[in-house]
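# Structural description and commentary
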Amino acid sequence: MQALNVSLTPGASEAAAAESTAQSAAQSASKSAEKIAYENNKLHKRLCRLVGQAIGDFNMIEEGDKVMVCLSGGKDSYALLDILMTLRERAPINFEIVAVNLDQKQPNFPADILPAYLEKIGIPYHIENQDTYSIVKRLIPEGKTTCSLCSRLRRGILYRVADELGATKIALGHHRDDIMETFFLNMFFGGKLKGMPAKLQSDDGKHIVIRPMAYVKEADTERYAQVRQFPIIPCDLCGSQENLQRKQIKNLMREWEKKHPGRVDNIFSALSTVAPSHLMDRNLFNFQDLKLDGNANPNGDIAFDDEPCATPATGVIQLQLDQD
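Quick caveat, the model's predicted, so the values are computed rather than measured.

## A few points about the pattern of salt bridges
Enumeration according to the criterion identifies 15 salt bridges in this entry. The salt bridge involving Lys75 is made with Glu218; its shortest N-O contact spans 3.2 Å. With Lys75 in helix 2 (residues 75-90) and Glu218 in helix 7 (residues 218-228), this pair connects stretches of sequence that are 143 residues apart. Judged on exposure class, the residue Lys75 and its partner Glu218 are both buried. A salt bridge links Asp265 to Arg176; the shortest N-O distance between them is 2.6 Å. Of this pair, Asp265 sits in helix 9 (residues 263-271) while Arg176 sits in helix 6 (residues 176-190), and the two are 89 residues apart along the sequence.

Written out as structure tokens, the structure is:
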């Protein structure tokens, strides 16, 4: 019985190989797209969980609140607005959201971008036009840090706008890294153990300021901004200053995390695990009236030790004397 030999012409063989390669590439691209979509979905869920947890832990948003989201055009405030819109649809309470942007009249500021974006996503918004840029440039010498004055001017304007809009909460886009950076800035340069709280009352006593992204890492907001393709608007004031102390602190923290993974997490945890009796603030703890009462105190000096220091069985501590 003769075998049937089928031979392909060179052209047919090349076409078959090309088709096989194309199919393989398509399958690979499909798997890659599925993986990316999966990771992006995980990121969105994580952000919703962390923001929801912070809101719950600090009772940031309550029934009937009107939350004014301060939208700067940066990645963090975009992410905050986006996640709050998601949570509003899922929350067991009813609350409103209004986005507010302060147009500080910086040169080359693209004034059309934010209104177009906010109209596209269907959120109520207000653009407040105030030329704080000229004030800052006039009062702050060239090369000096502008953040402090710019922040004070911006805060006063936003408080007024919140009153005019009837907002009950003012939401800012600061994340976990911002909070820790502020803590170290105050400690290194201000001589204070003071951070950036997740919820506080304004200095005029009329507003509640909240930071729903207090538990969110900056790396996640950076990636989320790329995923969502937010129309980022750079700042020509603080964003243009390369030698800010905050940037130095940011670099320090990144170096810590690189060399000692987990250190930054421990620092953040420490901000919410405070032992006033183990600091030195006499206004925070009544050292003056501290006296022995014979009662065991779980918050006493042994609290920070891993294990109690055992006393020898004899009850006498032997000292090793210097022989010199």
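Having put the structure on the table, let's press on.
## Thoughts on the sheet that holds strand 5 (residues 199-201)
Read across the sheet, 6 strands follow the order 3-2-1-4-6-5 without closing on themselves; strand pairing throughout is mixed. Strands at the two margins of the open sheet, each flanked by one partner only, are strand 3 (125-129) and strand 5. The sheet shows a mean angle of 25° between the axes of neighbouring strands, direction not considered. Bridging between strand 5 and strand 6 (residues 208-210) involves 3 bridges; their strand directions are antiparallel. Residue Leu200 lies in a different strand from strand 6, and its bridge partner there is Val209. Those strands touched by helix 3 (residues 113-121) are strand 2 (96-103) and strand 3, and its axis lies near 170° from that of strand 3.

## Let's talk about the environment of Leu158
Here Leu158 lies in helix 5 (residues 147-165). Here Leu158 falls in the buried class, since its relative accessible area comes to 11%. When the C-alpha positions of Leu158 and Glu128 are compared, they lie 8.7 Å apart, and in sequence the two are 30 residues distant.

## Some details on the packing of aromatic side chains
Tallying each qualifying case throughout the model produces 11 aromatic pairs. For the ring pair Phe184 and Trp256, a centre distance of 5.5 Å and an interplane angle of 70° mean the geometry is edge-to-face. Placement of Phe184 in helix 6 and of Trp256 in helix 8 (residues 245-259) is noted, with a sequence separation of 72 residues between them. A single burial state applies to Phe184 and to Trp256, both of which are buried. When the ring of Phe188 is compared with that of Phe189, the centres are 6.5 Å apart and the planes differ by 85°; the resulting orientation is edge-to-face. Residue class for Phe188 comes out partly exposed when judged on its relative accessible area of 44%. The class of Phe189 is partly exposed, set by a relative accessible area of 46%. Among the aromatic residues, those joined into a ring-pair cluster are Phe183, Phe184, Phe188, Phe189 and Trp256. Against the face of Phe268 rests Arg176, its NZ or CZ located 5.6 Å from the ring centre.

## Thoughts on the environment of Ile210
Take Ile210: it is sitting in strand 6. The sequence separation of Ile210 and Asn59 amounts to 151 residues, and the corresponding C-alpha distance is 9.5 Å.

## Re the confidence of the model for the protein chain
Mean pLDDT over the protein chain works out to 84, with 81% of the residues at or above the 70 mark. Note that residues 239-243 has pLDDT below 50 and, in this model, 9 contacts with residues that lie over four places away or in other chains.

## Some thoughts on the pairing of strand 3
Two strands pair when backbone bridges link them, and strand 2 and strand 3 are joined in this way by 5 bridges, in the parallel orientation. Residue pairing across strands places Asp103 opposite Asn129, the latter belonging to strand 3. Considered for its hand, the β-α-β crossover made up of strand 2, helix 3 and strand 3 is right-handed.

## Some thoughts on helix 9
Since the α-helix turns once every 3.6 residues, residues separated by three or four places project in the same direction. Turning to helix 9, its buried residues are Val264, Ile267 and Phe268. Mapping the buried residues of helix 9 onto a view down its axis gives an arc of 95°, with all of them on the same face.

## Notes on the packing of helix 8 against helix 9
Where helix 8 meets helix 9, the axes come as close as 7 Å, and the angle between the chain directions of the two elements is 120°. As the angle between them shows, helix 8 and helix 9 are arranged oblique. In this structure, helix 8 contributes Met253, Trp256 and Glu257 to the contact, and helix 9 contributes Arg263, Val264 and Ile267. When the residues that make up the contact of helix 8 with helix 9 are grouped by side-chain class, the tally is 4 nonpolar, no polar and 2 charged.

Scoring rules and cut-offs
Counting restarts for each chain, with residues numbered from 1 along the sequence as it is written. The model is predicted, so local features are restricted to residues of pLDDT at least 70 and side-chain atom pairs to those at 80 or more, both for listing and for counting; the totals for chains, interfaces and linings are taken over all residues. Side-chain descriptors were evaluated using all non-hydrogen atoms of the structure, hydrogens and water having been removed beforehand. Here, a salt bridge means any side-chain nitrogen of Lys or Arg that lies within 4 Å of a carboxyl oxygen of Asp or Glu. In this text, helices come from DSSP runs of H or I with a minimum length of four residues, and strands from runs of E with a minimum of two, each type numbered from the N-terminal end. When a residue's accessible area, from a 1.4 Å probe over protein chains only, is under 20% of the maximum for its type it is buried; when over 50% it is exposed; and in between it is partly exposed. By this definition, two strands are paired if DSSP reports at least two bridges between them. Throughout, an axis means a line fitted to C-alpha atoms (over the contacting stretch in the case of helices), and angles, computed between N-to-C directions, take values from 0 to 180 degrees. Note on contacts: a residue pair qualifies if any of its non-hydrogen atoms lie within 4.5 Å across the two residues. Pairing of aromatic rings covers Phe, Tyr and Trp, the last counted by its six-membered ring, and requires centre-to-centre distances within 6.5 Å; plane angles under 30 degrees mean stacked, over 60 mean edge-to-face, and any other angle means tilted. Whether a charge sits over a ring comes down to the Lys NZ or Arg CZ being within 6 Å of the ring centre and within 35 degrees of the ring normal. pLDDT measures how confident the predictor is about each residue, on a scale from 0 to 100. By convention, a crossover is right-handed whenever its connection, traced from the first strand over the helix to the second and viewed with the strands pointing away, goes clockwise. Comment: arc refers to directions from the helix axis out to C-beta atoms. We call two directions roughly parallel when the angle between them is under 35 degrees, roughly antiparallel when it is over 145, roughly perpendicular when it lies between 65 and 115, and oblique otherwise. Gly counts as polar in this scheme, as do all residues outside two lists: the nonpolar Ala, Val, Leu, Ile, Met, Phe, Trp, Tyr, Cys and Pro, and the charged Asp, Glu, Lys and Arg.

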